[in-house]
Amino acid sequence: MTVANSLNKIIYADNAATTKIDDDALALMFDLQRNFFANPSAAYKLSRPLKKILKESREKIASCINAEPQEIIFTSGGTESDNWAIKSAVLAHLSEHPNIITSAIEHKAILNSCAAIEKLGCTVTKLTVDKFGEVNPADLQKKILPQTKIISVMLANNEVGTIQPVKSLAEIAHTSGKTFHTDAVQAVGHIPIDVKTLGIDMLSASAHKFNGSKGIGFLYVRDGLKIAPYIDGGGQEFSRRAGTENVPAIAAMALALEKNCRDMEKNAQKLSACTKILLNCLQSNGVDFISNGGENRLPGHLSLSFKDCDGETLLHRLDLKNICVATGSACNSKQTEISHVLQALKVPGDYIRGTIRITFGKENSCDDAKTIGNHLGIVGKVMK
Ligand code: PLP
């Protein structure tokens, strides 16, 4: 059986981990890879179309988040963008023992960037969240120090889908003259984002989370904000991020984002219908579970904790039925760690180990939701 054939039988519901690349984006990427292979920085005419594609891709992406084209800097993805935002803010100020404020439920790309610079003498303040995973803006106000250099709070959480009050947080940051960064890796292409209205100074994004390719993303940097290059080398990306541009992946990212933004409302409606169907199935089967995160969540995103169950086992039972979901815990060879996000939300002890994450994407149908709901309805009860 080929991989493509076996994929037809699978229900993929782990879109927060990665999404399937959009067909048109993939076709464009192949075409450019094969037929437009020149280096966009070269001076001959073969390079001219590539320069144009880069320019147009930057314009398309900028318009999707209401930014200016020169504010979009292509990177290798979310992890690089997050590392760059955090480290650039403090590395030039190490002698002042700078402070960073972030939240307790960030992705490891932020938390481990903070941990790395903590070793160099910086301090890191982690804002706590309520039971829905929301940061309280008043809490941020109290925690800002004179030596705080950057405040970084994610737009939407990757485990529970909670959307943060980023506009209020950015306003507070600016009142104190601080820079505000948001990790919007889970949000871009899924919910409307206007960087000007939200008051964001820097924003991280990753194409593979919105039906683009893996290994490509961008960092939005507001005009006028000075940030040191993170990758040194040639003069690409306005001398801010060196390395020959991956034009096929960049063009595919722009197309995927444009399509997702165009269809955002329609997709969101379908995704919300999927989550409702699944929750109804569980309720009508009498399963004892908690749905984590509040009302203000990413569409199609479910973090469910089943009473007295084990998330790993649930995942494997669903995998046997060709259903792909994620757990709410990270496994290592010795033990199953409970995720820092679920701990921060204080999910009750008899539910927390039985957590799985189901994230629907634009490829999913309501039938997928029914199938998952019915299987979970059976396993969720049997496992107790
Ligand atoms: N930030 C968040 C919130 C994420 O969910 C992820 C990926 O899971 C990343 C950052 C890292 O992105 P990438 O896989 O593009 O490095």
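Above this text is the structure in question.
Quick caveat: nothing in here was measured; it's all calculated off a predicted structure. (Residues numbered from 1 in each chain as written. Predicted model: local features only at pLDDT ≥ 70, side-chain atom pairs only at ≥ 80, totals over all residues. Heavy atoms only, no water.)

A. Fine view of the packing of helix α3 (residues 48–64) against helix α10 (residues 247–262). α10 packs onto α3 with a crossing angle of 30 degrees between their chain directions and a minimal axis gap of 9 Å. In terms of axis orientation, α3 runs roughly parallel to α10. For α3 against α10, the interelement crossing comes out left-handed. Along the contact surface, α3 presents L50, I53, L54, S57, K60, I61 and C64, while α10 presents V247, I250, A251, M253, A254, L257, E258 and C261. Counted by class, the contact of α3 with α10 contains 12 nonpolar, one polar and two charged residues. (Axes fitted to C-alpha atoms, helices over the stretch in contact; angles between N-to-C directions. Helix = DSSP H or I, 4+ residues; strand = E, 2+ residues; numbered from the N terminus. Parallel < 35°, antiparallel > 145°, perpendicular 65-115°, else oblique. Left-handed = near helix turned anticlockwise from the far one by under 90°. Contact = heavy atoms within 4.5 Å. Nonpolar A, V, L, I, M, F, W, Y, C, P; charged D, E, K, R; others polar.)

B. Up close: helix α2 (residues 23–35). Between the first and last C-alpha of α2 there are 18 Å, a value that for 13 residues agrees with the 18 Å anticipated at 1.5 Å per step. Residues of α2 that are buried include every one of A25, M29 and L32, and no others. All buried residues of α2 project into a common sector of 70 degrees when viewed along the axis, lining one side. When the buried face of α2 is taken as reference, the exposed residues oriented beyond 90 degrees from it are D23, F30 and R34. (Expected span 1.5 Å × (residues − 1). Buried < 20%, exposed > 50% of the residue type's maximum accessible area, 1.4 Å probe, protein only. Arc of directions from axis to C-beta.)

C. Representation of the layout of surface pockets in the model. Considered as a void within the structure, the largest pocket measures approximately 800 Å³ in volume. Elements that contribute at least two residues to the lining of the largest pocket include exactly α1 (3–8), β1 (11–12) and α11 (264–284). Counting residues per element, the lining of the largest pocket draws most heavily on α11, which supplies four residues. When the residues that make up the lining of the largest pocket are grouped by side-chain class, the tally is 13 nonpolar, 17 polar and seven charged. Residue assignment places the lining of the largest pocket across two domains, with domain 1 (10–20 + 263–382) and domain 2 (23–261) each supplying three or more. (1 Å grid on protein atoms, 1.4 Å probe; cavity = no way out; pocket = protein on both sides within 12 Å on 5 of 7 lines; lining within 4 Å. Points joined across faces, edges and corners; volume = space filled by probe spheres on them. Domains from an automatic or database assignment.)

D. Seen up close, the nonpolar core. I65, I72, V188, I193, L203 and F218 are the most contacted members of the largest nonpolar core, which totals 68 residues. Sorting elements by how many residues they give to this core places α10 first, with nine residues. Here this core spans two domains, and each of domain 1 (10–20 + 263–382) and domain 2 (23–261) adds at least three residues to it. Judged by nonpolar contacts, the second largest core, of 24 residues, contains A13, V287, L304 and V325. (Core = buried A, V, L, I, M, F, W, Y, C linked by side-chain atoms within 4.5 Å.)

E. Spotlight on the side chain of E106. By the element assignment, E106 lies in the loop between β3 (99–103) and α5 (108–118). Here E106 sits buried without a salt bridge, and the closest side chain of opposite charge, K126, lies 11 Å off (N-O distance). A distance of 2.9 Å separates a polar side-chain atom of E106 from the backbone nitrogen of M154. When residues no more than four places from it in sequence are discounted, the contact partners of E106 are L111, S152, V153, M154, D183 and H340. (Lys, Arg positive; Asp, Glu negative; His and termini not counted. Salt bridge = Lys/Arg side-chain N within 4 Å of Asp/Glu carboxyl O. Polar contact = N/O pair within 3.5 Å; in protein donor to acceptor, adjacent residues only side chain to side chain.)

F. The arrangement of the sheet that holds strand β10 (residues 301–306) in detail. The strand order across the open sheet built from four strands is β9-β10-β15-β12, with neighbouring strands paired in antiparallel fashion. Looking at strand neighbours, the two that pair on one side only are β9 (289–291) and β12 (326–327), the edges of this open sheet. Looking at chain direction, β12 and strand β15 (residues 355–359) are connected through two bridges and run antiparallel. The residue bridging T327 from the neighbouring strand is I356, located in β15. Packed on one face of the sheet, α11 meets β9, β10 and β15 and runs near 15 degrees to β10. Together, β10, β12 and β15 form the strand contacts of helix α12 (residues 311–320), whose direction differs from that of β15 by roughly 45 degrees. (Pairing = 2+ DSSP bridges.)

G. Quick look at the sheet that holds strand β8 (residues 217–221). Read from one edge of the open sheet, seven strands run β2-β8-β7-β6-β5-β3-β4, paired in mixed fashion. Here the strands that pair on one side only, and so sit at the sheet edges, are β2 (72–75) and β4 (123–127). The sheet shows a mean angle of 20 degrees between the axes of neighbouring strands, taken without regard to direction. Judged from the three bridges that link them, strand β6 (residues 179–183) and strand β7 (residues 202–206) form a sheet pairing that is parallel.

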